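Next come the chains, spelled out residue by residue.
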Amino acid sequence: MTTIRRRLTVWYTVALAVTVLAFGTALYLERRQSSIRELDQRLSLEADLAHRWLSESYKVLGRIVTISGSTPSLDPGISAYLESVRDYLVVADTAGQVLALSEVTRTLSANALERLTAPLDTTSFAKHSGTLALGGPVGRVRYLAVPVQGAGPIIGGILVATPTRQAGFGPSDLLRSMLLIAPLILVGAGLVGYWLAGTSLRPVQGIMDEVEAISDGRSLHRRLAVPLSGDEMARLALTVNGMLARLEQSFGSLHRFTADASHELKTPLMVLRAGVERALVHPGTPPEILQSMDETLAQINQMAEMVESLLTLARADEGRAPLAVEPCDLRELVADVAETAGMLGESAGVTAEHSIPQGPVLLAVDPQRIREMLLNMVTNAIKYTPQGGTVALSLEDDDEAVTFSVRDTGIGIAAGDLPHIFERFWRADQARTRTSDRPGVGLGLAITKWIVEAHGGSITVQSRPGRGSSFTVRLPKARRPAG
Ligand code: ADP
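Okay, so let's go over this structure. (Residues numbered from 1 in each chain as written. Predicted model: local features only at pLDDT ≥ 70, side-chain atom pairs only at ≥ 80, totals over all residues. Heavy atoms only, no water.)

This paragraph deals with the sheet that holds strand 9 (residues 351-355). Pairing within the open sheet is mixed, and its 5 strands lie in the order 9-11-12-14-13. Of all strands in the sheet, those with a lone pairing partner are strand 9 and strand 13 (458-464), marking the two edges. Each strand axis lies, on average, 10 degrees off the axis of its neighbour in the sheet, ignoring direction. Packed onto the sheet, helix 9 (residues 367-383) meets strand 11 (390-397), strand 12 (401-408), strand 13 and strand 14 (468-476) and runs at close to 25 degrees relative to strand 12. (Pairing = 2+ DSSP bridges. Helix = DSSP H or I, 4+ residues; strand = E, 2+ residues; numbered from the N terminus. Axes fitted to C-alpha atoms, helices over the stretch in contact; angles between N-to-C directions. Contact = heavy atoms within 4.5 Å.)

We now examine the pairing of strand 10 (residues 362-365). Burial of the side chains of strand 10 is restricted to one face: L363 and V365 are buried, whereas none of L362 and A364 on the reverse face is. Examined bridge by bridge, strand 8 (residues 326-329) and strand 10 share 4 bridges and lie antiparallel to one another. Bridge pairing links C328 to L363 in strand 10. (Buried < 20%, exposed > 50% of the residue type's maximum accessible area, 1.4 Å probe, protein only.)

Time to look at the side chain of T9. Mapped onto the fold, T9 is located in helix 1 (residues 2-61). Among the polar contacts listed, one links the side chain of T9 to the backbone oxygen of R5, at a separation of 2.7 Å. With near-sequence residues (within four places) excluded, T9 lies in contact with G190, G193, Y194 and A197. (Polar contact = N/O pair within 3.5 Å; in protein donor to acceptor, adjacent residues only side chain to side chain.)

Here F425, not a glycine, exhibits a phi torsion of approximately 65 degrees, which is positive. Relative to the helices and strands, F425 is located in the loop between strand 12 and helix 10 (429-433).

Further remarks concern the sheet that holds strand 5 (residues 128-133). For sheets, the rule is that strands pair by backbone hydrogen bonds, running either parallel or antiparallel. Within the open sheet, the 5 strands sit side by side as 4-3-7-6-5. Their pairing is antiparallel. Edge strands, defined here as strands with exactly one partner in the open sheet, are strand 4 (98-101) and strand 5. On average, each strand axis in the sheet is tilted by 25 degrees relative to the strand beside it, whichever way the strands run. Relative to strand 7 (residues 155-163), strand 6 (residues 140-147) runs antiparallel, the two being bridged by 7 bridges.

Here it is in structure tokens:
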């Protein structure tokens, strides 16, 4: 979720950065063009005035250039007017020789002046404009060179120029402003984008939370709230609801089949058991037949146990295994199970211990189920503990919860097996290969887990292969048991 939100924010910011950059570049180019246009207009006006001044003067006076020695120059009266022009102005003869300069032009270094007059340095040229780099403090100038007609044979052309930085709001100012503003815009846009992405993804988060809550087969009857907006979220919720309905149907059929099959198997198994038991007590049965009957009875008992467990789980899945909750003193339950453990332990050569608090430990539970849960853990502990080992059952009570624990010094469970032990029909490899030593079908812990969770509790296990295992069940006092 966070990643999509971050990704959207990054994409949004990048898209905006590109847009701002493109927009800024376009604005910059446009502004530069229009600055140049403005400068060109000004230069054109100045050149026009100078041109007119020269041609009018020539028309009136008939001669405006004085040649002293070999250097021609504009008559002082004529050039005085041109000197006052505020931009660079050069009047040159037809060979490109300078005849007059405006006052600011005279402040230029010889080098800069040479570069400035270069566009006039030709006998004939057409009106043209461009940009020149004069260097030094002047920098770049925009110029306009105009050929002069009607002002006598000597005058060739006029050049007017002005530094490009003269433009009112120059492109470089714009660039600077953009560089200052763009980061602020992007940070703002990033924050807005993050908020927007969060807002638009919130309904998805809601749907995910709801779907997560429907994580097991028992919650499949629940449906997501469909937003009234009729948008993509509504469609998503409808799609998920459709899928849940189909899943519920399939799970339902599966549970019904398991429950029905287990139920139907119970009666023939009972008849079978009764028959074998009757045959066992029949006088005169040869000993070898008696032995095989005994084995048959053991298998029938295991099968009956499995069918009973399957039925319990199938009913639990269907929500048809309600808890008969009543206030109980859990010490009695534990003592009861400890007594059975003592008997089972004795025949298995395992010492069974138990510890319970002094005062009553009262909690509303289903006593039958809790007894079943404790018996499952205790019989496992005895089953998987070799002779001479110890199994300890304890009950602890604190303000928030009661805790049952069953510890053994048995064969332990490999770390890789731990995540599977609560799965249905799962048995560790040693348990499978030695079925005769350790009978079982792999449903006990699945039922135990269901009982714990139905009481709103949790079960944890710690184990070290060869050292023993410890199962801990914690039932909270605050939460009302489900069922
Ligand atoms: P099973 O009928 O095989 O005992 P369970 O569901 O009770 O089925 O247990 C599943 C598997 O977990 C067992 O087959 C065994 O491998 C392992 N297991 C359970 N309890 C213990 C224990 N106390 N010590 C070692 N292994 C255990």
